[in-house]
Amino acid sequence: MSSLNPQTPPSGRDYWRSLDARAETPLAQEYLRREFTEGASELFDGVSRRKFLSLMSASVALATFAGCRKPVEKIIPYVVPPENLVPGIPQYYATTMPLGAHAYGLLVEAHEGRPTKIEGNTRHPATRGRSNAILQAAILGLYDPDRSRVVLHHGGERTWADFVAFWRPLLEKHRQTGGAGLAILSEEFASPTLARLKTEFHAAFPQGTWVAYEPMAMENPLRGTAAALGQTLRPVHRFDRAARVLALDCDFLLTEPESITATADFAARRQMLSPSDEMNRLYVVEGAYSLTGTMADHRLRLKAGRIGAFAATLANRLRERGLAVAGGLLPSDSAIGRDWLDAVADDLMAHRGASLVCAGMAQPPAVHALVAAINFALGNVGQTVEYRSLPDAALSDTDQLAALTDAMQAGTVDTLVMLGGNPVYNAPADLRFAAALTKVANAIHLSPYLDETSRRCHWHIPRAHFLEAWGDARAVDGTLSVIQPLIEPLFNGHSDIELAELITSGRETRGYDLVRATWTDFLPGLGFEAAWQKVLHDGLLENSAVPPAEAVIDPQRLAGHLAAHAWSNDAAGLELTFAPSPSVHDGRFANNGWLQELPNSLTKVTWDNPAIISPASARRLGFETLPTLKSNRVDLARLELNGRSLEIPVWVQPGQADDTVTVFVGYGRESLGRVADGVGFDVYPLRTRAAAFIAAGAALQPTGRTYPIAATQEHGAMEGRPIVREGTIEEFRRNPAFARDMVKHPPLVSLWKEHSYDEGHQWGMSIDLTMCTGCNACTIACQSENNIPVVGKEQVSRGREMHWIRVDRYFTGDEDEPDVVHQPVACVHCENAPCEQVCPVAATVHSADGLNQMVYNRCIGTRYCSNNCPYKVRRFNFFNYVKETPEVMKMAMNPDVTMRFRGVMEKCTYCVQRISRGRINAKAEGRDLVDGDIVSACQQACPAGAIVFGNINDPDSRVSRMRQLAQRYELLGEYNTQPRTSFLAKLRNPNPALLAATSGRTASA
């Protein structure tokens, strides 16, 4: 057993955080012995901790003399107070965040007209009150000081009125030609108002062109579905009905569009409240280790180009079992393990109508067509799979973009209006869009930033954020949603619908009026105003979902499409796959510091997008498999594909398929903003139409140089402690208390007199590791709620990240085919808190309701509390990170939470401000607090519902019921710290037949 990883659950597995730790390298041993990461305790110039404290005390003394007089601040009351506005009391508004052809219903908290926090709308089908990291971080994008502020013409400042004056004569010219030479390029959308304006555009300009494009769109699934069904329909997966799930290169828990509801439904089927409960089972086949792969009960490591061959072989196996899978017999891949295929086929057959097969956006259309045929044959359609039409949508079409680019290059496009997007940056490289743009006489770009495309256009117009613009959208099920602003445009931006209306008609119409004009078709005429107000209140129109379409397989069309597809793509050389970044998506969120600093769930890398390869590939290609922990540097490589090349660092990832390289798009920006510029590497120049997601024939060569990487995978390592506890449901059924039985210790007796916490409200938390996916939504929700600063790449590399919640990632098993467990860790609010006993100024104290509190203005920065904390969950402000915060970004801060400056320790507070607000509200209503009145930020955001918070003294509260479950355990409870946060052990549901055949849950082919 490894001395670094001595925890041994019933399965007999060791857990390790990195390849260095697993190999027990001398550096890893040294790293582990240090209480904090190297450099975390020193300043930039090597100033010692003692010297730092003396400097701090001197600066405080000087500040006392220099700061005797506070600056004069005048408080000016409202002359006419806004209706229903009470200063200090937040208000909540429903709105919708559009992202491509998808819409996410939100409930936004605002203070005195200033949006500060985003949550999911419980009424909306795409969020159901939950969210993810990108939605949580959208509030920071609103206040980004690098957003475009002025209209530009050839780089010179103009006004909106100047642009209107320019456009109207040009509009008359285009009217005379029927729109010949006029084109609009938009992002894809599902908006009734924008769809109406698109129809009006084509009516006014029959020779005009309107094209939609996004680099990370659902083109492949829609084309594959059309090939199988004869009509373009969107597959909607019902994970809440699926007992067996097979995911083919499909990261439905994170990077696929409807990940929030997918996570909620999938996790609900995994919750085990008693040994008699049933759990779903997940099979994953993929090349790059995804978040969905970490949740798999069985994972097959397979190159992305061979996923189609796996699907074809599975279809043949199902046919052998008597299932009528349309499309004809397809070539099988004999290299794929028969045990794996047979076990999956048998399990799917045993759960016909309650199984689900899904493929990811990266897979070619033929794979999606075959998946549709398999789901139809299994009887899943109408049960776990629904097909829905896409009304009011303009979908991304790379072929149409190519035709438009050819027309631009030929000089037949006189005027190009771009509604958002950034095609100069992210269009397929072989289209040479930037060169074609120079042939356009009038290039107009509506964009939130002066980005790569705007800098090459004649006119740039600032684009309004969705929180400051009117609009509408349809959810994945067709539900009509409204986008209503919470604040006036901060930088004089305009919306897509306002510009589209001007381009089509020449009229300047408010977005509000455009949306209302559209919604007259949806709301009753006589009762319009009352119905409209209800829509604004709810954020959507009730009962407006589109019913599932009547879909049937077109056998002849399907067979022809499948026959034309090459089912084996195992070409010589490396396979390169392009993936959307879990943080910055396709690059549109690259200037968001919260997202850039968020550690990747698997690699734990921040502020970068290295090329990911497997340990075996690293050894074969000559790369260092054990990164130098001391210098935080990795190998820099040259990545080549089809004559194009770039330099990019290499990250060795356990579980990655051999001979594959995965890169995340959206980085390597230039002149975009202070956060995005110079961060990561632009991989779009390697991406072409034919190789939009998967490309064979890549090459990766060492350059002999290294590159600094900031990764948090070793931070807070805890030697020799049974942190993660997991087992199978069979082990759970044999011994429900297996998690507690893992640690044997004598009776726990405190040195101090025990304090009774059996009166009043006593707060606690429970986290179910079986449901937790490691998506990091809780981390960003906590950062937004508690005004946690961004510290930057260099500080993260020193171990000084400030996140109050970290999501630890543990590997177990072989380095080539490991399993992964995620565990969120924040302050656990010990009743016997070690931190409280060592603070010389009583800055960390206990409250009557069981909270371990920090009194910031007492803290003098000794950090004794952090030294004494076995959980390593306290964060120290080495620098005044908020000092340089731009004024506009301060508007995003929560006024209910104290701003911390340099020299204080901070940590999770269980959202004490929410506890106080709940008490005040209950008192004002003349009642006692009830379960659910107080919801912590992490709990509210968690799409899996893995976090439960409440009063542990209430036997009927959810958290009390969770604490009574047999699989509950306290993190390091054997230290008698008596933590208020408890965990439920991780459970998996492996297939016994496959487990016996493979001796594990992962395999490769």
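Let me sum up the structure you'll find in this document. (Residues numbered from 1 in each chain as written. Predicted model: local features only at pLDDT ≥ 70, side-chain atom pairs only at ≥ 80, totals over all residues. Heavy atoms only, no water.)

1. Focus: the overall build of the protein
Applicable threshold: Under the scheme used here, helices are H or I runs from DSSP no shorter than 4 residues and strands are E runs no shorter than 2 residues, and both carry numbers assigned from the N terminus. Between two residues, a contact is recorded if the distance between any of their heavy atoms is within 4.5 Å. The accessible surface values rely on the Shrake-Rupley method and a 1.4 Å probe; as for residues, cover is taken only from the protein chains in view.
From N to C terminus, the protein includes 31 helices and 42 strands. Once local pairs closer than 6 in sequence are excluded, the contacts in the protein between residues at least 24 apart make up 75%. Carbon together with sulfur atoms contributes 52% to the accessible area of the protein, which is approximately 37,300 Å² in total.

2. A short note on the environment of Phe201
Rules: Residue burial is assigned from relative accessible area. The probe radius is 1.4 Å, only protein chains are included, and a residue is buried under 20% of its type maximum, exposed over 50%, and partly exposed in between.
Tracing the sequence through the fold places Phe201 in helix H6 (residues 192–204). Residue classification places Phe201 among the buried residues on the basis of a relative accessible area of 0%. Along the chain, Phe201 and Glu501 lie 300 residues apart, while their C-alpha atoms are 8.6 Å from each other.

3. Things to note about the sheet that holds strand E38 (residues 947–951)
Definition in use: DSSP-based pairing: two strands are paired if at least 2 bridges between them are found. As a rule, the C-alpha atoms of each element are fitted with a line to give its axis, helices using only the stretch in contact, and angles between N-to-C directions run from 0 to 180 degrees.
Strands sit in the order E38-E31-E40-E39 across an open sheet of four strands; the sheet is mixed. In the strand order of this sheet, the two ends are held by E38 and strand E39 (968–970), each with one partner. With direction set aside, neighbouring strand axes in the sheet form an average angle of 30°. As paired elements, E39 and strand E40 (residues 981–984) share three bridges and run antiparallel to each other. Across the sheet, residue Glu970 finds its bridge partner in E40, namely Ser982.

4. Notes on the pairing of strand E33 (residues 819–825)
Among the seven residues of E33, seven are classified as buried, and the element is accordingly described as predominantly covered. Here E33 shows two buried faces, one formed by Asp819, Val821, Gln823 and Val825 and the other by Val820, His822 and Pro824. Between strand E32 (residues 806–812) and E33, which pair antiparallel and follow one another directly, the connecting turn spans six residues, one of which, Gly813, has a positive phi of 105°.

5. Considering the sheet that holds strand E3 (residues 102–111)
Across a sheet, strands are paired by hydrogen bonds formed along the backbone, either parallel or antiparallel in direction. Strand order in the open sheet made by the three strands is E2-E3-E4, with antiparallel pairing throughout. Edge positions in the open sheet fall to strand E2 (91–99) and strand E4 (114–120), since each of these has one partner strand only. When the angles between neighbouring strand axes are averaged without regard to direction, this sheet yields 35°. As judged from the six bridges shared by E3 and E4, these two strands associate in the antiparallel manner. Looking across to E4, one finds that Ala110 is bridged to Pro115.

6. Looking at the pairing of E40
Side chains of E40 alternate between two faces, with Thr981 and Phe983 and Ser982 and Leu984 buried alike. Summarising the sheet, strand E31 (residues 763–768) and E40 pair through four bridges and their orientation is parallel. Its bridge partner being in E40, Ser766 is matched across the sheet by Ser982.

7. Quick word on the packing of aromatic side chains
Here is the rule we go by: Only Phe, Tyr and Trp rings take part, Trp by its six-membered ring, and two of them pair if their centres are within 6.5 Å. Stacked means planes under 30 degrees apart, edge-to-face means over 60, and tilted covers everything else.
For the coordinates displayed, the defined rule picks out 24 aromatic pairs. For the pair Phe189 and Trp210, a centre-to-centre distance of 6.3 Å together with 70° between the ring planes defines the contact as edge-to-face. Remark: Trp210 occurs in strand E9 (residues 209–212) and Phe189 occurs in strand E8 (residues 189–190); sequence separation between them is 21 residues. In this pair, the class of Phe189 matches that of Trp210, namely buried. Ring plane angle 75° and centroid distance 5.9 Å describe the contact between Tyr283 and Trp340, whose orientation is recorded as edge-to-face. Residue Tyr283 is located in strand E12 (residues 281–286), and its partner Trp340 is located in helix H11 (residues 338–350); the two are separated by 57 residues in the primary sequence. Here Tyr283 and Trp340 have matching classes, each one buried. Linked through ring pairs, Trp470, Tyr512, Trp519, Phe522, Phe528 and Trp532 together constitute an aromatic cluster.

8. Looking at the nonpolar core
Keep this limit in mind: We define a nonpolar core as any set of buried Ala, Val, Leu, Ile, Met, Phe, Trp, Tyr and Cys residues linked to one another through side-chain atoms lying within 4.5 Å.
Counting residues in each nonpolar core, the largest one holds 106 residues, and the members touching the most others are Met97, Ile118, Phe466, Leu467, Trp763, Tyr871 and Tyr910. Top element by residues in this core is helix H4 (residues 133–142). It accounts for eight residues.

9. Remarks on the side chain of Glu785
Note that Glu785 resides in helix H24 (residues 777–785). Filtering out sequence-adjacent residues up to four positions away, Glu785 remains in contact with Lys117, Asn894, Val897, Cys911, Gln913, Arg914 and Ala937.

10. Focus: the side chain of Asn877
Relative to the elements of secondary structure, Asn877 occurs in the loop between strand E36 (875–876) and strand E37 (905–906). On the basis of relative accessibility, which here comes to 1%, the residue Asn877 falls in the buried class.

11. Observations regarding the pattern of salt bridges
We apply this condition: In the sections that follow, a salt bridge refers to a side-chain nitrogen of Lys or Arg positioned within 4 Å of a carboxyl oxygen of Asp or Glu.
All told, the structure shown has 62 salt bridges when counted by the stated rule. One salt bridge connects Arg317 with Asp342, and the closest N-O pair in it is separated by 3.3 Å. Here Arg317, found in helix H10 (residues 307–320), pairs with Asp342, found in helix H11; they are 25 residues apart in sequence, far enough to count as distant. Connected through salt bridges with shared partners, the residues Glu187, Glu214, Arg463, Asp496, Asp586 and Arg588 form a single ionic network.

12. Digging into the packing of helix H5 (residues 160–176) against helix H16 (residues 496–505)
Definition in use: Angles are sorted into four bins: roughly parallel if under 35 degrees, roughly antiparallel if over 145, roughly perpendicular if 65 to 115, and oblique for all others. Side-chain classes follow a simple rule in which Ala, Val, Leu, Ile, Met, Phe, Trp, Tyr, Cys and Pro form the nonpolar group, Asp, Glu, Lys and Arg form the charged group, and the remainder, Gly included, forms the polar group.
One way to put it is that H5 packs onto H16 with a least axis distance of 8 Å and a crossing angle of 40°. The pairing of H5 with H16 is recorded here as oblique in orientation. In this structure, H5 uses Trp160, Phe163, Val164, Trp167, Leu171 and Arg175 to contact H16, whose residues at the interface are Leu499, Leu502, Ile503, Thr504 and Ser505. Considering only residue class, the contact of H5 with H16 consists of eight nonpolar, two polar and one charged.

13. Examining the packing of H4 against H24
To keep things clear, this is the line we draw: In this scheme the crossing of two helices becomes right-handed for a clockwise turn of the near helix relative to the far one and left-handed for an anticlockwise turn of less than a right angle.
Between H4 and H24, the shortest axis-to-axis distance is 8 Å and the interhelical angle comes to 20°. On the basis of their axis angle, the class for H4 and H24 is roughly parallel. The handedness of the crossing between H4 and H24 is left-handed. The segment H4 lies against H24, with Ala133, Gln136, Ala137 and Ile139 engaging Ala777, Ile780, Ala781 and Ser784. Partitioned by chemical class, the residues of the contact of H4 with H24 number six nonpolar, two polar and no charged.

14. Overview of helix H12 (residues 365–377)
Which entries qualify depends on this criterion: Working rule for helices: expected span equals 1.5 Å times residues minus one.
Between its first and last C-alpha atoms H12 spans 19 Å; for 13 residues at 1.5 Å apiece the expected length is 18 Å, and the two agree. Burial analysis of H12 places 12 of its 13 residues in the buried class, the great majority of the element. Every buried residue of H12 is accounted for by Pro365, Ala366, Val367, His368, Ala369, Leu370, Val371, Ala372, Ala373, Ile374, Asn375 and Ala377. The elements touched by buried residues of H12 are helix H7 (219–229), strand E11 (244–248), H10, strand E14 (355–359), strand E15 (385–388) and helix H19 (555–563). With its phi angle positive at about 75°, Gly379 sits one or two positions after the end of H12.

15. A word on H6
Spanning 13 residues, H6 covers 18 Å between terminal C-alpha atoms, matching the ideal 18 Å at 1.5 Å per step. Those residues of H6 not exposed but buried are Pro192, Thr193, Leu194, Ala195, Leu197 and Phe201.

16. Points about the environment of Leu641
Summarising the element assignment, Leu641 is placed in strand E25 (residues 633–641). Each C-alpha atom of the pair Leu641 and Leu574 lies 9.5 Å from the other, and the pair is 67 residues apart in sequence.

17. Some remarks on unusual backbone geometry
Phi is positive for Asn642, which is not a glycine, with a value near 50°. Secondary-structure assignment places Asn642 in the loop between E25 and strand E26 (644–652). Here Ser671, not a glycine, exhibits a phi torsion of approximately 55°, which is positive. The residue Ser671 is located in the loop between strand E27 (660–664) and strand E28 (694–708) in this model.

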